[in-house]
Amino acid sequence: MTTDMIREVLPCLEAAKEQPVADCPAAADLEGLKQQLSSIERRIDVLRRNRDAIKRYLRVWEETADPMSTDSTCRVSRHRVGG
């Protein structure tokens, strides 16, 4: 979201709780904001998938790691991380 969009919309969010503000963009002018929301949601989905993949990787690593071993090779490669 651009700084200009934030500057324009943020005051409207607070004011909308009480009553519509004349300086706020009309619903017809909000297409750019809708596109921003869609973009943010797509990025959140990607971040969630990445987070889940990292969690799975760490879980497999911790389940297969020998705490007494000093071997630093990747023991996870023999396990399926996905799914």
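Notes on the structure in this doc start here. Keep in mind it's a predicted model, so treat the numbers as computed, not measured.

1. Here's the deal with the overall build of the protein chain
Then, number 1: Counting its regular elements, the protein chain contains two helices and zero strands.
Then, number 2: Relative to its full complement of 83 residues, the protein chain shows a buried share of 11%.
Then, number 3: In the protein chain, the proportion of contacts linking residues at least 24 apart, taken out of those at least 6 apart, comes to 35%.
Then, number 4: A total of about 7100 Å² of accessible surface is found on the protein chain, and carbon and sulfur atoms cover 55% of it.

2. Some words on the pattern of salt bridges
Two side chains of opposite charge can pair, provided their charged atoms sit close to one another.
Then, number 1: Overall, the coordinates contain two salt bridges when judged by the stated rule.
Then, number 2: Arg48 is paired through a salt bridge with Asp45; the nearest N and O atoms lie 3.8 Å apart. You can see Arg48 and its partner Asp45 sitting in helix α2 (residues 31-64), three residues apart, about one turn around the helix.
Then, number 3: With a relative accessible area of 38%, Asp45 lands in the partly exposed category.
Then, number 4: Linking Asp52 and Arg51 is a salt bridge whose minimum nitrogen-to-oxygen distance equals 3.1 Å.
Then, number 5: Judged by relative accessible area, Asp52 falls into the partly exposed class, the value being 30%.
Then, number 6: The class for Arg51 is partly exposed, based on a relative accessible area of 41%.

3. Focus: the environment of Asp52
Then, number 1: Summarising the element assignment, Asp52 is placed in helix α2.
Then, number 2: For Asp52, the side chain forms a polar contact with the side chain of Arg51, separated by 3.1 Å.

4. Looking at a nonpolar patch on the surface
Then, number 1: There is a patch of nonpolar side chains on the surface, built from Ile6, Leu10 and Leu13 and spanning about 270 Å² of accessible area.
Then, number 2: Considering the arrangement of structural elements, one finds Ile6 in helix α1 (residues 3-15).
Then, number 3: In this structure Ile6 comes out as partly exposed when scored by relative accessible area, which is 37%.

Basis of the calculations
Residues numbered from 1 in each chain as written. Predicted model: local features only at pLDDT ≥ 70, side-chain atom pairs only at ≥ 80, totals over all residues. Heavy atoms only, no water. Helix = DSSP H or I, 4+ residues; strand = E, 2+ residues; numbered from the N terminus. Buried < 20%, exposed > 50% of the residue type's maximum accessible area, 1.4 Å probe, protein only. Contact = heavy atoms within 4.5 Å. Areas by Shrake-Rupley, 256 points an atom, 1.4 Å probe, with all protein chains shown as cover. Salt bridge = Lys/Arg side-chain N within 4 Å of Asp/Glu carboxyl O. Polar contact = N/O pair within 3.5 Å; in protein donor to acceptor, adjacent residues only side chain to side chain. Patch = residues over 30% accessible without salt bridge, like charges linked within 9 Å, V, L, I, M, F, W, Y side chains within 5 Å.

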